[in-house]
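Close look at the chain arrangement
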Amino acid sequence: MPDAETSAARPAPVKRDDIPGWFFSLDRAAFGHLLSAQSAAGVTGDILELGSYLGRSAVLLGDHLQPGERLTVCDLFDSEAGDADNAAEMAMSYRKTLTRSAFEANYLAFHRELPEIVQAPTSVLADGRIPAGSCRFVHVDASHLYEHVAGDIAVARSALAEDGLVALDDYRSEHTPGVSAAVWEAVFIGGLRPVLLTPMKFYGTWGDAAAVREVLLRRDWRAGGYTVDEDTIAGSAVVRLNYQVKPPVERSTSRRLALDLLPPVATRATRRMLRTLRERRAAPPVPNA
Ligand SMILES: C[S@@+](CC[C@H](N)C(=O)[O-])C[C@H]1O[C@@H](n2cnc3c(N)ncnc32)[C@H](O)[C@@H]1O
(Lines give C-alpha, C1' and ligand atoms only; values in the text may rest on other atoms or scores of the structure.)
Protein backbone atom coordinates (compact mmCIF):
# COMPACT_ATOMS: atom_id res chain seq x y z
CA MET A 1 0.00 0.00 0.00
CA PRO A 2 1.46 3.38 -0.87
CA ASP A 3 2.05 5.71 2.05
CA ALA A 4 -0.37 8.33 3.07
CA GLU A 5 0.88 10.75 0.44
CA THR A 6 -1.88 12.26 -1.69
CA SER A 7 -2.18 11.38 -5.35
CA ALA A 8 -2.07 15.10 -6.19
CA ALA A 9 1.54 15.18 -4.97
CA ARG A 10 2.59 12.31 -7.25
CA PRO A 11 4.46 13.01 -10.49
CA ALA A 12 3.06 11.47 -13.70
CA PRO A 13 4.16 7.83 -14.07
CA VAL A 14 6.91 7.15 -16.58
CA LYS A 15 6.95 3.37 -16.26
CA ARG A 16 3.94 1.16 -15.55
CA ASP A 17 5.64 0.18 -12.29
CA ASP A 18 5.44 3.80 -11.15
CA ILE A 19 1.66 3.40 -10.70
CA PRO A 20 0.92 2.29 -7.13
CA GLY A 21 -1.17 -0.85 -6.80
CA TRP A 22 -1.08 -4.58 -6.26
CA PHE A 23 -0.41 -5.97 -9.71
CA PHE A 24 2.93 -7.77 -9.72
CA SER A 25 5.20 -9.31 -12.35
CA LEU A 26 3.81 -12.86 -12.32
CA ASP A 27 0.19 -11.80 -12.81
CA ARG A 28 1.29 -9.19 -15.33
CA ALA A 29 2.99 -11.99 -17.26
CA ALA A 30 -0.05 -14.28 -16.90
CA PHE A 31 -2.50 -11.58 -18.07
CA GLY A 32 -0.18 -10.72 -20.98
CA HIS A 33 0.23 -14.35 -22.01
CA LEU A 34 -3.48 -15.20 -21.85
CA LEU A 35 -4.68 -12.01 -23.53
CA SER A 36 -2.05 -12.25 -26.30
CA ALA A 37 -2.95 -15.90 -26.88
CA GLN A 38 -6.61 -14.96 -27.24
CA SER A 39 -5.75 -12.26 -29.79
CA ALA A 40 -3.39 -14.57 -31.68
CA ALA A 41 -6.17 -17.18 -31.89
CA GLY A 42 -8.56 -14.59 -33.30
CA VAL A 43 -10.70 -14.47 -30.15
CA THR A 44 -12.27 -11.04 -29.83
CA GLY A 45 -14.36 -9.48 -27.09
CA ASP A 46 -14.42 -6.69 -24.57
CA ILE A 47 -12.44 -6.55 -21.35
CA LEU A 48 -13.94 -5.68 -17.98
CA GLU A 49 -12.23 -4.74 -14.71
CA LEU A 50 -14.00 -4.45 -11.37
CA GLY A 51 -11.69 -2.54 -9.00
CA SER A 52 -9.02 -0.48 -10.73
CA TYR A 53 -7.56 1.71 -7.96
CA LEU A 54 -4.95 3.96 -9.62
CA GLY A 55 -4.84 2.03 -12.89
CA ARG A 56 -1.89 -0.33 -12.54
CA SER A 57 -3.77 -3.35 -13.92
CA ALA A 58 -6.14 -1.32 -16.14
CA VAL A 59 -3.18 0.09 -18.09
CA LEU A 60 -2.04 -3.43 -18.98
CA LEU A 61 -5.57 -4.47 -19.94
CA GLY A 62 -5.69 -1.41 -22.21
CA ASP A 63 -2.43 -2.55 -23.87
CA HIS A 64 -4.25 -5.62 -25.17
CA LEU A 65 -7.30 -3.98 -26.73
CA GLN A 66 -7.71 -4.86 -30.38
CA PRO A 67 -9.59 -2.62 -32.85
CA GLY A 68 -13.28 -2.61 -32.00
CA GLU A 69 -12.79 -3.94 -28.45
CA ARG A 70 -13.70 -1.93 -25.39
CA LEU A 71 -12.28 -1.83 -21.86
CA THR A 72 -14.76 -0.97 -19.10
CA VAL A 73 -13.55 -0.30 -15.56
CA CYS A 74 -15.81 -0.02 -12.53
CA ASP A 75 -14.57 1.52 -9.28
CA LEU A 76 -15.92 3.71 -6.51
CA PHE A 77 -12.87 5.99 -6.82
CA ASP A 78 -13.80 8.99 -4.62
CA SER A 79 -17.53 8.11 -4.31
CA GLU A 80 -19.19 6.85 -1.17
CA ALA A 81 -19.50 3.10 -0.66
CA GLY A 82 -23.00 1.64 -0.49
CA ASP A 83 -22.66 -0.01 2.94
CA ALA A 84 -20.74 0.39 6.19
CA ASP A 85 -18.44 -2.61 5.75
CA ASN A 86 -17.41 -1.51 2.28
CA ALA A 87 -16.94 2.07 3.57
CA ALA A 88 -14.59 0.71 6.26
CA GLU A 89 -12.58 -1.19 3.62
CA MET A 90 -12.32 1.97 1.54
CA ALA A 91 -11.26 4.09 4.51
CA MET A 92 -8.61 1.58 5.58
CA SER A 93 -6.97 0.94 2.22
CA TYR A 94 -7.76 3.46 -0.49
CA ARG A 95 -9.24 6.79 0.59
CA LYS A 96 -5.98 8.62 1.24
CA THR A 97 -4.63 8.07 -2.24
CA LEU A 98 -7.49 7.32 -4.60
CA THR A 99 -9.29 9.78 -6.86
CA ARG A 100 -10.85 9.27 -10.25
CA SER A 101 -8.71 12.05 -11.69
CA ALA A 102 -5.53 10.30 -10.46
CA PHE A 103 -6.70 7.08 -12.18
CA GLU A 104 -7.41 9.01 -15.38
CA ALA A 105 -4.03 10.79 -15.34
CA ASN A 106 -2.20 7.48 -14.85
CA TYR A 107 -4.17 5.77 -17.60
CA LEU A 108 -3.63 8.63 -20.04
CA ALA A 109 0.13 8.53 -19.40
CA PHE A 110 0.13 5.25 -21.40
CA HIS A 111 -2.97 5.36 -23.63
CA ARG A 112 -4.53 7.96 -25.90
CA GLU A 113 -8.10 7.34 -24.76
CA LEU A 114 -9.70 6.58 -21.44
CA PRO A 115 -11.60 3.32 -20.98
CA GLU A 116 -15.33 3.35 -20.33
CA ILE A 117 -15.50 4.34 -16.65
CA VAL A 118 -18.33 3.34 -14.32
CA GLN A 119 -17.82 5.22 -11.06
CA ALA A 120 -20.15 3.29 -8.78
CA PRO A 121 -20.36 0.16 -6.64
CA THR A 122 -19.79 -2.91 -8.82
CA SER A 123 -23.31 -4.07 -7.91
CA VAL A 124 -24.70 -1.61 -10.51
CA LEU A 125 -23.28 -3.85 -13.23
CA ALA A 126 -25.93 -6.45 -12.40
CA ASP A 127 -28.38 -4.26 -14.35
CA GLY A 128 -27.18 -5.77 -17.63
CA ARG A 129 -25.29 -2.70 -18.93
CA ILE A 130 -22.45 -5.06 -19.89
CA PRO A 131 -24.04 -7.13 -22.68
CA ALA A 132 -24.18 -10.85 -21.87
CA GLY A 133 -21.39 -12.83 -23.52
CA SER A 134 -19.57 -9.69 -24.73
CA CYS A 135 -16.26 -10.09 -22.86
CA ARG A 136 -13.21 -12.28 -23.36
CA PHE A 137 -11.52 -11.36 -20.06
CA VAL A 138 -12.79 -10.06 -16.70
CA HIS A 139 -10.56 -9.01 -13.79
CA VAL A 140 -12.34 -8.98 -10.42
CA ASP A 141 -10.34 -6.95 -7.86
CA ALA A 142 -12.81 -4.70 -5.99
CA SER A 143 -14.40 -5.25 -2.56
CA HIS A 144 -13.22 -8.19 -0.44
CA LEU A 145 -16.58 -8.80 1.21
CA TYR A 146 -18.22 -12.14 0.44
CA GLU A 147 -21.58 -10.69 -0.70
CA HIS A 148 -19.88 -8.25 -3.06
CA VAL A 149 -17.45 -10.75 -4.53
CA ALA A 150 -20.21 -13.31 -5.09
CA GLY A 151 -22.11 -10.58 -7.00
CA ASP A 152 -18.97 -9.64 -8.96
CA ILE A 153 -18.45 -13.26 -9.99
CA ALA A 154 -22.07 -13.42 -11.18
CA VAL A 155 -21.46 -10.26 -13.25
CA ALA A 156 -18.30 -11.84 -14.70
CA ARG A 157 -20.13 -15.02 -15.58
CA SER A 158 -22.84 -13.19 -17.45
CA ALA A 159 -20.40 -10.82 -19.19
CA LEU A 160 -18.04 -13.56 -20.39
CA ALA A 161 -18.31 -15.28 -23.75
CA GLU A 162 -18.22 -19.08 -23.71
CA ASP A 163 -14.45 -19.54 -23.42
CA GLY A 164 -13.79 -16.22 -21.68
CA LEU A 165 -11.47 -15.99 -18.67
CA VAL A 166 -11.94 -14.53 -15.22
CA ALA A 167 -9.08 -13.53 -12.88
CA LEU A 168 -10.09 -13.23 -9.21
CA ASP A 169 -7.74 -11.36 -6.88
CA ASP A 170 -6.98 -12.19 -3.25
CA TYR A 171 -8.61 -15.62 -3.34
CA ARG A 172 -6.31 -16.92 -0.58
CA SER A 173 -5.10 -13.98 1.48
CA GLU A 174 -5.40 -14.22 5.25
CA HIS A 175 -7.28 -10.92 5.44
CA THR A 176 -9.80 -11.76 2.66
CA PRO A 177 -11.73 -14.89 3.72
CA GLY A 178 -14.88 -13.57 2.03
CA VAL A 179 -13.13 -13.68 -1.34
CA SER A 180 -12.03 -17.29 -0.76
CA ALA A 181 -15.58 -18.26 0.17
CA ALA A 182 -17.06 -16.66 -2.96
CA VAL A 183 -14.40 -18.13 -5.27
CA TRP A 184 -14.69 -21.73 -4.08
CA GLU A 185 -18.48 -21.45 -3.99
CA ALA A 186 -18.33 -20.44 -7.67
CA VAL A 187 -16.19 -23.53 -8.34
CA PHE A 188 -18.20 -26.10 -6.44
CA ILE A 189 -21.69 -24.75 -7.00
CA GLY A 190 -21.38 -22.36 -9.93
CA GLY A 191 -19.43 -24.53 -12.38
CA LEU A 192 -16.35 -22.27 -12.57
CA ARG A 193 -13.32 -24.31 -13.69
CA PRO A 194 -9.95 -23.36 -12.21
CA VAL A 195 -7.13 -23.15 -14.75
CA LEU A 196 -4.32 -21.23 -13.04
CA LEU A 197 -3.40 -20.31 -9.48
CA THR A 198 -0.75 -17.71 -8.58
CA PRO A 199 0.00 -16.41 -5.07
CA MET A 200 -2.38 -13.48 -5.69
CA LYS A 201 -4.95 -14.59 -8.24
CA PHE A 202 -7.25 -17.43 -9.23
CA TYR A 203 -7.90 -17.79 -12.97
CA GLY A 204 -10.88 -19.74 -14.26
CA THR A 205 -13.31 -20.26 -17.09
CA TRP A 206 -16.84 -21.52 -17.52
CA GLY A 207 -15.66 -22.81 -20.90
CA ASP A 208 -12.93 -25.17 -22.06
CA ALA A 209 -10.43 -25.40 -19.19
CA ALA A 210 -8.22 -27.97 -20.96
CA ALA A 211 -7.68 -25.56 -23.86
CA VAL A 212 -6.62 -22.77 -21.47
CA ARG A 213 -4.25 -25.15 -19.70
CA GLU A 214 -2.65 -26.06 -23.02
CA VAL A 215 -2.17 -22.35 -23.79
CA LEU A 216 -0.63 -21.77 -20.36
CA LEU A 217 1.86 -24.61 -20.71
CA ARG A 218 3.05 -23.37 -24.10
CA ARG A 219 5.18 -20.79 -22.34
CA ASP A 220 8.50 -21.62 -20.66
CA TRP A 221 7.65 -20.04 -17.30
CA ARG A 222 10.73 -21.53 -15.61
CA ALA A 223 13.03 -19.63 -17.97
CA GLY A 224 11.24 -16.46 -16.88
CA GLY A 225 12.06 -17.06 -13.20
CA TYR A 226 8.83 -18.78 -12.13
CA THR A 227 8.04 -22.24 -10.74
CA VAL A 228 5.44 -24.42 -12.45
CA ASP A 229 3.39 -27.09 -10.70
CA GLU A 230 0.32 -29.00 -11.74
CA ASP A 231 -2.42 -29.95 -9.32
CA THR A 232 -5.81 -31.57 -9.51
CA ILE A 233 -8.73 -30.07 -7.60
CA ALA A 234 -11.77 -32.34 -7.43
CA GLY A 235 -10.95 -33.74 -10.84
CA SER A 236 -9.94 -30.43 -12.48
CA ALA A 237 -6.32 -30.08 -13.59
CA VAL A 238 -4.87 -26.73 -12.61
CA VAL A 239 -1.52 -25.05 -13.24
CA ARG A 240 0.20 -23.34 -10.33
CA LEU A 241 2.80 -20.62 -10.93
CA ASN A 242 4.97 -18.90 -8.35
CA TYR A 243 8.17 -16.91 -8.06
CA GLN A 244 11.43 -18.88 -7.99
CA VAL A 245 13.28 -18.19 -4.76
CA LYS A 246 16.91 -17.51 -5.61
CA PRO A 247 19.50 -19.44 -3.54
CA PRO A 248 21.57 -17.21 -1.25
CA VAL A 249 24.57 -15.75 -3.08
CA GLU A 250 28.02 -16.92 -1.91
CA ARG A 251 29.94 -14.07 -0.34
CA SER A 252 32.67 -12.85 -2.66
CA THR A 253 36.23 -12.54 -1.39
CA SER A 254 36.26 -8.75 -1.88
CA ARG A 255 33.01 -8.43 0.14
CA ARG A 256 34.49 -10.56 2.96
CA LEU A 257 37.70 -8.50 2.91
CA ALA A 258 35.74 -5.23 3.04
CA LEU A 259 33.75 -6.48 6.05
CA ASP A 260 37.00 -7.54 7.79
CA LEU A 261 38.74 -4.22 7.19
CA LEU A 262 35.88 -1.87 8.13
CA PRO A 263 35.77 -0.53 11.71
CA PRO A 264 33.39 -2.64 13.90
CA VAL A 265 30.55 -0.06 13.97
CA ALA A 266 30.59 0.26 10.18
CA THR A 267 30.81 -3.54 9.85
CA ARG A 268 27.71 -4.02 12.03
CA ALA A 269 25.79 -1.41 10.05
CA THR A 270 26.89 -2.96 6.76
CA ARG A 271 25.89 -6.46 7.92
CA ARG A 272 22.49 -5.13 9.02
CA MET A 273 21.96 -3.46 5.65
CA LEU A 274 22.98 -6.59 3.72
CA ARG A 275 20.69 -8.75 5.89
CA THR A 276 17.74 -6.43 5.21
CA LEU A 277 18.44 -6.46 1.48
CA ARG A 278 18.66 -10.28 1.49
CA GLU A 279 15.38 -10.60 3.40
CA ARG A 280 13.61 -8.18 1.08
CA ARG A 281 14.80 -10.09 -1.97
CA ALA A 282 13.70 -13.45 -0.57
CA ALA A 283 10.22 -12.42 0.50
CA PRO A 284 7.50 -12.12 -2.15
CA PRO A 285 5.43 -8.95 -1.81
CA VAL A 286 2.56 -9.42 0.66
CA PRO A 287 0.45 -6.33 0.17
CA ASN A 288 -2.59 -5.66 2.29
CA ALA A 289 -5.04 -4.60 -0.39
C1 LIG B 1 -7.17 -3.72 -4.58
S2 LIG B 1 -7.76 -2.27 -5.31
C3 LIG B 1 -7.61 -2.59 -7.04
C4 LIG B 1 -6.19 -2.72 -7.45
C5 LIG B 1 -5.93 -2.65 -8.93
N6 LIG B 1 -6.69 -3.63 -9.69
C7 LIG B 1 -4.44 -2.86 -9.13
O8 LIG B 1 -4.08 -3.91 -9.66
O9 LIG B 1 -3.66 -2.01 -8.75
C10 LIG B 1 -9.48 -2.39 -5.04
C11 LIG B 1 -10.30 -1.28 -5.69
O12 LIG B 1 -11.66 -1.65 -5.57
C13 LIG B 1 -12.44 -0.49 -5.32
N14 LIG B 1 -13.66 -0.93 -4.63
C15 LIG B 1 -13.82 -1.42 -3.38
N16 LIG B 1 -15.11 -1.74 -3.17
C17 LIG B 1 -15.78 -1.46 -4.32
C18 LIG B 1 -17.13 -1.59 -4.72
N19 LIG B 1 -18.07 -2.09 -3.91
N20 LIG B 1 -17.47 -1.20 -5.96
C21 LIG B 1 -16.53 -0.69 -6.82
N22 LIG B 1 -15.23 -0.56 -6.48
C23 LIG B 1 -14.86 -0.94 -5.25
C24 LIG B 1 -11.53 0.41 -4.50
O25 LIG B 1 -11.90 1.77 -4.70
C26 LIG B 1 -10.14 0.09 -5.05
O27 LIG B 1 -9.78 1.02 -6.03
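See the structure above.
Next up on the list: the side chain of Asp169. With respect to the helices and strands, the residue Asp169 is situated in strand β5 (residues 160–169). In contact with Asp169, not counting residues within four places along its chain, are His139, Val140, Asp141, Val179, Met200 and Lys201.

So, on to the site of the ligand. Taken together, 23 residues form the shell around the ligand, and within it Ser57, Asp75, Asn86, Thr122 and Asp141 come nearest. Between Leu76 and the ligand, the recorded distance is 3.3 Å, taken from a backbone N or O atom to a nitrogen atom. For the ligand, whose accessible area on its own is 600 Å², the fraction buried by protein is 99%. Broken down by secondary-structure element, the contributors of at least two residues to the shell around the ligand are α2 (56–63) and α3 (84–93). Considered class by class, the residues forming the shell around the ligand number eleven nonpolar, nine polar and three charged.

Turning our eyes to something else, we now look at the pairing of strand β9 (residues 236–243). Note that strand β6 (residues 193–197) and β9 share two bridges and pair parallel. Along β9, the bridge assignment pairs Leu197 with Arg240. Pairing analysis gives eight bridges linking strand β8 (residues 226–233) to β9, with the strands arranged antiparallel. Looking at β9, one finds that Val228 is bridged to Leu241. Hairpin connection between β8 and β9: a loop of two residues separates the two successive antiparallel strands, and Ala234 in this loop has a positive phi of roughly 45°.

Here the focus is the packing of helix α1 (residues 25–40) against helix α7 (residues 209–217). Running from N to C, α1 and α7 cross one another at 115°; their axes reach a closest spacing of 10 Å. Viewed along their axes, α1 and α7 adopt a mutual orientation that is roughly perpendicular. By crossing handedness, the relation of α1 to α7 is classed as right-handed. Taken together, the residues of α7 that come into contact with α1 (itself represented by His33, Leu34 and Ala37) are Val212, Val215 and Leu216. Residues belonging to the contact of α1 with α7 are distributed by class as follows: five nonpolar, one polar and no charged.

We now examine the environment of Ser57. For Ser57, the position within the fold is in helix α2. As for Ser57 and Tyr107, which are separated by 50 residues in sequence, their C-alpha atoms are 9.8 Å apart. Leave out the neighbours within four places in its chain, and Ser57 touches Phe23, Glu49 and His139. In this structure the side chain of Ser57 is engaged in a polar contact, spanning 2.6 Å, whose partner is the side chain of Glu49.

Now for the sheet that holds β6. Spatial strand order, β3-β2-β1-β4-β5-β7-β6-β9-β8: nine strands in an open sheet with mixed pairing. The sheet is open, and its two borders are formed by β3 (116–119) and β8, each paired with just one other strand. Averaged over all pairs of adjacent strands, the angle between strand axes in this sheet comes to 20°, irrespective of strand direction. Judged from the four bridges that link them, β6 and strand β7 (residues 201–205) form a sheet pairing that is antiparallel. Residue pairing in the sheet places Leu197 in a bridge with Phe202 of β7. Sheet strands in contact with helix α6 (residues 177–188) are β5, β6, β7 and β8, and its direction is about 20° off that of β7.

Cut-offs used in this document
- Residues numbered from 1 in each chain as written.
- Predicted model: local features only at pLDDT ≥ 70, side-chain atom pairs only at ≥ 80, totals over all residues.
- Heavy atoms only, no water.
- Helix = DSSP H or I, 4+ residues; strand = E, 2+ residues; numbered from the N terminus.
- Contact = heavy atoms within 4.5 Å.
- Near = heavy atom within 4 Å.
- Polar contact = N/O pair within 3.5 Å; in protein donor to acceptor, adjacent residues only side chain to side chain.
- Areas by Shrake-Rupley, 256 points an atom, 1.4 Å probe, with all protein chains shown as cover.
- Nonpolar A, V, L, I, M, F, W, Y, C, P; charged D, E, K, R; others polar.
- Pairing = 2+ DSSP bridges.
- Axes fitted to C-alpha atoms, helices over the stretch in contact; angles between N-to-C directions.
- Parallel < 35°, antiparallel > 145°, perpendicular 65-115°, else oblique.
- Left-handed = near helix turned anticlockwise from the far one by under 90°.

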